[in-house]
Amino acid sequence: MTDGTPSSPPPERYDVLVVGAGIAGMEASITLGDAGFKTLLVEREPTIGGKVLLLSKVFPTLDCASCISGTKTSRVSHHPNIDMRTYTEVEAIRREPDGSFLVRLREKPRYVDMATCTGCGDCEKACPIIVPKENDFGLRGRKSIYIPFDTGVPKKAVLDMKNCIYCMACERACPADAIDFLQVEKVREVRVGAVLLSTGFNLFPAEKKTAYHYGEYPNVVTAMQMDRLVGPTRPYNSVMRLSDGKEPANIAYALCTGSRDLTVGNPRCSQVCCMYSMKQAQLLMGILPTADITLYYMDIRAYGKGFEEFYQQTKAMGVKFVRGRVAKIEETSGNDLRVYHEDTEGRGVLVKSDHDLVVLSIGLLPNPGIATIFTNETLELDEMGWIKMRNETQSPSMTSIDGVFVAGCASGPKDIPDSIAEASSAVSQCIAYLTQMRGLAPSGVVPEQTRQESNGEASGLHREVPVEAK
Amino acid sequence: MAEIVLDKPGEKPRIGVYVCHCGGNISDTVDVAKVAEALKGEADVVVSKHILFDCSDASQNEMIEDIKNLNLNRLVTCACSPKLHEATFRGVAQRAGLNQYLSFHANIREQSSWPHGDDPAGATAKALAQARSAIAYMRDATPMEALTSGSTQSVLVIGAGITGLRSALDLASMGVQVYLIERLPYLGGHSAQVGGTYPTGTRGDAIVRDLVGQLLRKPNVTVFTNATVESQSGYVGNFEIRVHIAPRVVVGPSAHFNDAIAACPVSVPDEFEYGRTARKAIYQPRAPVVPNLPVIDLDHCTRCGKCPSILGGAVDFSQRAEVLTLKVGSIIVATGFDPYTPPQGEFGYGAVPNVVTLPQFERLLATEKGPELTYLGRKVRSLAYIYCVGSRQKRAEGDGGGPVHEYCSRFCCNATVNNDLHVHERFPEIRAYHFYRDMRTYGRNELMYEQAAKQGSIFVRYSEDNPPRVTTEDGHALVTVQASILEHDSVAFPVDLVVLVTGMVPRDNQALNDLFSLPIGPDGFYKEVHQKLRPVETNVTGLLIAGTAQFPKDIKETLLSGSAAAAKASTFALKTTLELEPFVASVDTSVCEASGGCLRECPFGAIEMHEYEGIGKRAWVNSAVCKGCGACVAVCPTEAIQLAGLTNPEVRDMIEALAR
């Protein structure tokens, strides 16, 4: 590591670096921290929580997403063994001769002092610039200085310098004097014993499926936008068409948008879209009781615990399931939409159906940038760009690099229960690696705990007279 | 532990109340603003607010600020189930310098907004009553301390399939003492019976041998086969498990095992081959056995005396069962699944000779070494797979019969197309037809489906209302199906072999389930506390579940689940002391009349009768075993037994507030 600004003190040490603070990364950090391992959790976004925090409710139990991730964001931010760094990129990871990893971090300037900002939002009110809000997928605007998400952690403002016009209104408005235009990027180096990658996924960019005209027809939206429209922190407090604000009365879901589709380069199934579409259908039936909802599908993949039952329930509620992939969407008068599909269960003819809102059930794509940060080892990706598990039928959490583990959607699309299972599994194998391969004991706070010395003796075992013998 | 600030007698309660919207889960039904407003008038309530999410970090910080700025000394949150967030708000109290038990979490979501969605006014009134009851309780609440208990740093894993093997291996690698018990004489469970697994192609027995090999090299693992749990007692950190170990009989090496096996007159269906072939009472399992010697199936052995005459001292029929007592801190139940066995006649099973189940077919493929696939002496040229046999079932009207498996078995679509690829690779001339409902090759498994279709397998979708019929004709099986792709004509496919794609069903484990009071979900599998928040835990702390005992999974998912359970077990096993809830029963010996009612009522065996000097027999509660359920309190004729933190006067206060 020669370029960049080297940090002057010797690199700080952590037992484990967790990259990505979505549901898997948070779960992994908490379990590691609970076991006494000093964990550095790095997130490139200004808040932790990942995509789950943005969702409405989650299948198949319809718990609110905040109930799932809110517990974890809070525990992460108060855990004595977790050091959380938001708005920070992992720039390079190098294996050292002693087996540890030297990690270079780039902390992006927020232009807001984290220690003094109270998250009051006065700066937001003062800022005159409005740009589309990333966390609402363009459904509403945000200011150039903004609090990224209502329930986000940390609840601190961040200044988007790209759109700032240096009017200094925020600086004048801030009651805590937290705005600092002089902040600069900081490069830090840390040394860690193991790395856990939980870098998640990217959403399929719906405009790539040109036959569906996303971005062109205002009433074609993505399922992620719909989840925001029905969520507790929803932008409009109602479900409406983007063209005219009308409540939709006849909603279509186009499943497999960007999945199982060679024309967009993704032959794989994204695992979660059938279920999230049915979840939204159920929520919409509650919000818009008179609306018709139709799901156009190829196969309904309700394969997890309680999923098939959820599918049957969705059908029983009156959601219409039409087997036939949407071929194309056409806009008709008044921004209504015509959906072309094949009648695969009838005579096999082409059918045109009219709807006033179409939701694209977009798939999940890899977030492969992480591979390039390993400077002297190779993190293997699969042919699509997902992180490759070293041996899926033996130790699924290991990657091609010793001491580097993977959890959650970084290795492929999966639902929340599977992501959490993977996070725990990765922690288990990570602890085993640290204790066994590297002889490291946890360096964090271990209240009232001592680690057992393993001498191989069956300490808890004593034999007694066999009952059946005499 | 934070310093207890509220121990000055006479200090006035100053209560903060926070009513949660739960992002609409509560506020869509309950008028939270009205509840919060009404509570402002309650005695001792200093502040009452309604918040979008009580649990969000910002709200937690707001509560801490309020506690500090307004000198609050009690916290009431009206939100979701305490299972979800009670600990969160105890943490808030603690971070603000209060005793953690001076926080109370009233459940106005599961108990008011959700069940009364059709009656907003009623739900609001009920939520208000619940809040008042919580305030009444908190008013006289006293600080408490968590109980602590010593913990044994060892883990019992029940079941040595790949889940149990993976859990045991991970825990052993962390330095934890592991006991792995298996009821069968061999290790590896169903995975050892699988041929080429997806997605790696590794044979199932190779996966098992690799895991067993790694495990046996660990000094801190003890494996018991032929072993079942006989009884259990204790609690997290201190379980005492009695394990029954059936005799092994084959005790030493011999050069004559093959002769003895040949001489054995017994022939029983071989469970390893799912009954396709037979084995003797003495046999060499094809899965790993420790030590690597043949085993004797004593249930079927006739004690004819042939094998002792051939094997001499290598067998010892006088060997007796043993019972061991293990002390462990936590338990992982990884008892796996049973394959679905179709009843006689379902899709021709048992009636048409050329019908096998998926596991039987996998054994057929694994054992067929020749250049062609033969079944019942005939070359197989065509195959039909019928999907969803024993899965996604619907109970017919008026059918009061056996269990119905409404769930999807998850692994079977993938396993079947994977098998089809192997068939095509080895026997390319075989023509394969797949009769399916929804092809659930999720994720990357989609590529296997695509590949199978590309190489010529025919996929025909059938409707659940009109399933295929299997009959027999000229030694063939005839699969007759109506499908849209066949223009709804009834088309018959004559095939040499029909494979019923059978799923996983919950294993009949009644004895074990009763022993541990294991929670069973509506699908018949073990039920976790919460799929996303506590996915491997049960309501008994320290009793964990993993693998296909919880729900069908493929090999990769099973291994992940095994590791995940190990991670949870490690949070107990790496500690020497554990914290326990202080809400336990205790006896006022001056009032107790030793009626014994509490002893009989206690479901946990926590109460004993003790002889006290000078006063005689009185009830005594083992606080480490007590779960604070209160059953004893209800039956005590003299109110001598009380729950700490939930005494009768406190409960009365709550009831009165509810009834106001």
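In this text, all values refer to a predicted model and were calculated from it rather than measured experimentally.

(A) Broad picture of the sheet that holds strand S18 (residues 326–331) of chain A. Residues and elements named next belong to chain A. Overall, antiparallel pairing links the three strands, which are arranged S18-S19-S20 in an open sheet. Since the sheet does not close on itself, it has two edges, and those belong to S18 and strand S20 (350–355), each with one partner. On average, each strand axis in the sheet is tilted by 25 degrees relative to the strand beside it, whichever way the strands run. The pairing of S18 with strand S19 (residues 337–342) spans five bridges and is classified as antiparallel. By the bridge assignment, Ile329 is partnered in S19 with Val339.

(B) Representation of the interface of chain A and chain B in the model. Listed by partner, the interface residues are 91 residues for chain A and 96 residues for chain B. In total, chain A and chain B occlude about 7900 Å² of area from one another, counting both sides; carbon and sulfur atoms represent 52% of this. Three residues stand out in chain A for area buried against chain B, namely Tyr303, Lys305 and Thr393 of chain A, and they jointly supply 10% of the buried area on that side. The interface formed by chain A and chain B includes eleven salt bridges. Glu464 of chain B is paired through a salt bridge with Lys315 of chain A; the nearest N and O atoms lie 3.4 Å apart. Taken together, the connections running from chain A to chain B amount to 38 residue pairs in polar contact (both at pLDDT 80 or more). Looking at the side of chain A that touches chain B, the elements with two or more residues in it are helix H1 (23–34), strand S3 (57–58), strand S4 (63–64), helix H2 (65–78), helix H7 (307–316), helix H8 (416–437) and strand S24 (461–463) of chain A. Looking at which element gives the most residues to the side of chain A that touches chain B, the answer is H8 of chain A, with 14 residues. The residue inventory of the side of chain A that touches chain B, partitioned by class, reads 30 nonpolar, 34 polar and 27 charged.

(C) Spotlight on the state of the cysteines. Per the counting criterion, the structure on display carries one disulfide over all chains. The partner cysteine of Cys64 of chain A in its disulfide is Cys67 of chain A, sulfur to sulfur 2.2 Å. Here the S-S torsion is close to 55 degrees, and the disulfide linking Cys64 of chain A with Cys67 of chain A is therefore right-handed. Grouping residues by exposure puts Cys64 of chain A and Cys67 of chain A together as buried. Cys264 of chain B provides the cysteine sulfur closest to Cys304 of chain B, a residue in no disulfide bond, and the two sulfurs are 6.2 Å apart. Here Cys626 of chain B stays unpaired: no disulfide links it, and the sulfur of Cys632 of chain B, its closest cysteine neighbor, is 6.2 Å away.

(D) View of the confidence of the model for chain A. Residues and elements named next belong to chain A. Residues at a pLDDT of 70 or more form 92% of chain A, whose mean pLDDT is 90. Across residues 1–7 the pLDDT falls below 50, and counting only partners more than four positions away or on other chains, this stretch makes twelve contacts in the model. Low confidence marks residues 447–470, where pLDDT is under 50. Its contacts with residues over four positions away, or in another chain, come to 55 contacts.

(E) Representation of the pattern of salt bridges within the structure. According to the stated counting rule, one finds 77 salt bridges over all chains in the structure shown. Here Glu308 of chain A makes a salt bridge to Arg392 of chain B, at a shortest N to O gap of 3.0 Å. Of this pair, Glu308 of chain A sits in helix H7 while Arg392 of chain B sits in the loop between strand S21 (382–389) and helix H11 (412–426), which puts the two residues in different chains. In this structure Arg392 of chain B comes out as buried when scored by relative accessible area, which is 6%. Three or more residues joined by partner-sharing salt bridges are found here, namely Glu308 and Glu345 of chain A together with Arg392, Asp438, Arg440 and Arg461 of chain B.

(F) Quick look at the domain arrangement of chain A. Residue and element names in this part refer to chain A. By the assigned domains, chain A splits into domain 1 (1–108 + 185–200 + 367–445), domain 2 (111–182) and domain 3 (204–364). Using only C-alpha atoms to locate each centre, domain 2 and domain 3 end up separated by 34 Å. Counting from both sides, the interface comprises eight residues of domain 2 and, opposite them, nine residues of domain 3. Summed over both sides, the interface of domain 2 with domain 3 buries roughly 760 Å², with 66% coming from carbon and sulfur. For the salt bridge of Arg228 with Asp136, the shortest nitrogen-to-oxygen distance reads 2.7 Å. Taken together, domain 2 and domain 3 are joined by five residue pairs in polar contact (both at pLDDT 80 or more). Across the side of domain 2 that touches domain 3, the residue classes break down as three nonpolar, two polar and three charged.

(G) Region of the structure containing the packing of aromatic side chains. If you walk through the whole model with that rule in mind, you get 18 aromatic pairs over all chains. Consider the rings of Tyr297 of chain A and Phe321 of chain A, whose centres lie 6.2 Å apart with planes at 75 degrees: the pair is edge-to-face. With Tyr297 of chain A in strand S16 (residues 292–297) and Phe321 of chain A in strand S17 (residues 320–323), this pair connects stretches of sequence that are 24 residues apart. Neither residue differs from the other here; Tyr297 of chain A and Phe321 of chain A are each classed as buried. Here Tyr433 of chain B and Phe493 of chain B contribute two aromatic rings whose centre-to-centre distance is 4.9 Å and whose plane-to-plane angle is 50 degrees, an arrangement assigned as tilted. Within this pair, whereas Tyr433 of chain B is found in strand S22 (residues 431–436), its partner Phe493 of chain B is found in strand S26 (residues 490–495), the two being separated by 60 residues in sequence. Judged by relative accessible area, Tyr433 of chain B falls into the buried class, the value being 14%.

(H) Structural detail: the packing of H8 of chain A against helix H14 (residues 555–573) of chain B. Packing of H8 of chain A against H14 of chain B brings their axes to within 7 Å, and their N-to-C directions diverge by 65 degrees. By the angle between their directions, the pair H8 of chain A and H14 of chain B is classed as roughly perpendicular. Between H8 of chain A and H14 of chain B lies a crossing whose hand is left-handed. Facing H8 of chain A, whose interface residues are Ala421, Glu422, Ser424, Ser425, Ser428, Gln429 and Ile431 of chain A, H14 of chain B presents Leu560, Ser563, Ala564, Ala566, Ala567 and Ser570 of chain B. Of the residues assigned to the contact of H8 of chain A with H14 of chain B, the class counts are six nonpolar, six polar and one charged.

(I) Structural context of the environment of Thr571 of chain B. Residue and element names in this part refer to chain B. Relative to the helices and strands, Thr571 is located in helix H14. According to the relative accessible area criterion, Thr571 is buried, its value standing at 10%. Thr571 sits 451 residues away from Pro120 along the chain, and the two C-alpha atoms are 43 Å apart. Reaching out from Thr571, the side chain makes a polar contact with the backbone oxygen of Lys568 at a distance of 2.6 Å.

Rules of the game
- Residues numbered from 1 in each chain as written.
- Chains lettered and ligands numbered in written order.
- Predicted model: local features only at pLDDT ≥ 70, side-chain atom pairs only at ≥ 80, totals over all residues.
- Heavy atoms only, no water.
- Pairing = 2+ DSSP bridges.
- Helix = DSSP H or I, 4+ residues; strand = E, 2+ residues; numbered from the N terminus.
- Axes fitted to C-alpha atoms, helices over the stretch in contact; angles between N-to-C directions.
- Contact = heavy atoms within 4.5 Å.
- Buried area = accessible area lost by both parts, 1.4 Å probe.
- Salt bridge = Lys/Arg side-chain N within 4 Å of Asp/Glu carboxyl O.
- Polar contact = N/O pair within 3.5 Å; in protein donor to acceptor, adjacent residues only side chain to side chain.
- Nonpolar A, V, L, I, M, F, W, Y, C, P; charged D, E, K, R; others polar.
- Disulfide = S-S within 2.5 Å.
- Buried < 20%, exposed > 50% of the residue type's maximum accessible area, 1.4 Å probe, protein only.
- pLDDT = per-residue confidence, 0-100.
- Domains from an automatic or database assignment.
- Phe/Tyr/Trp six-rings, centres within 6.5 Å; stacked < 30°, edge-to-face > 60°.
- Parallel < 35°, antiparallel > 145°, perpendicular 65-115°, else oblique.
- Left-handed = near helix turned anticlockwise from the far one by under 90°.

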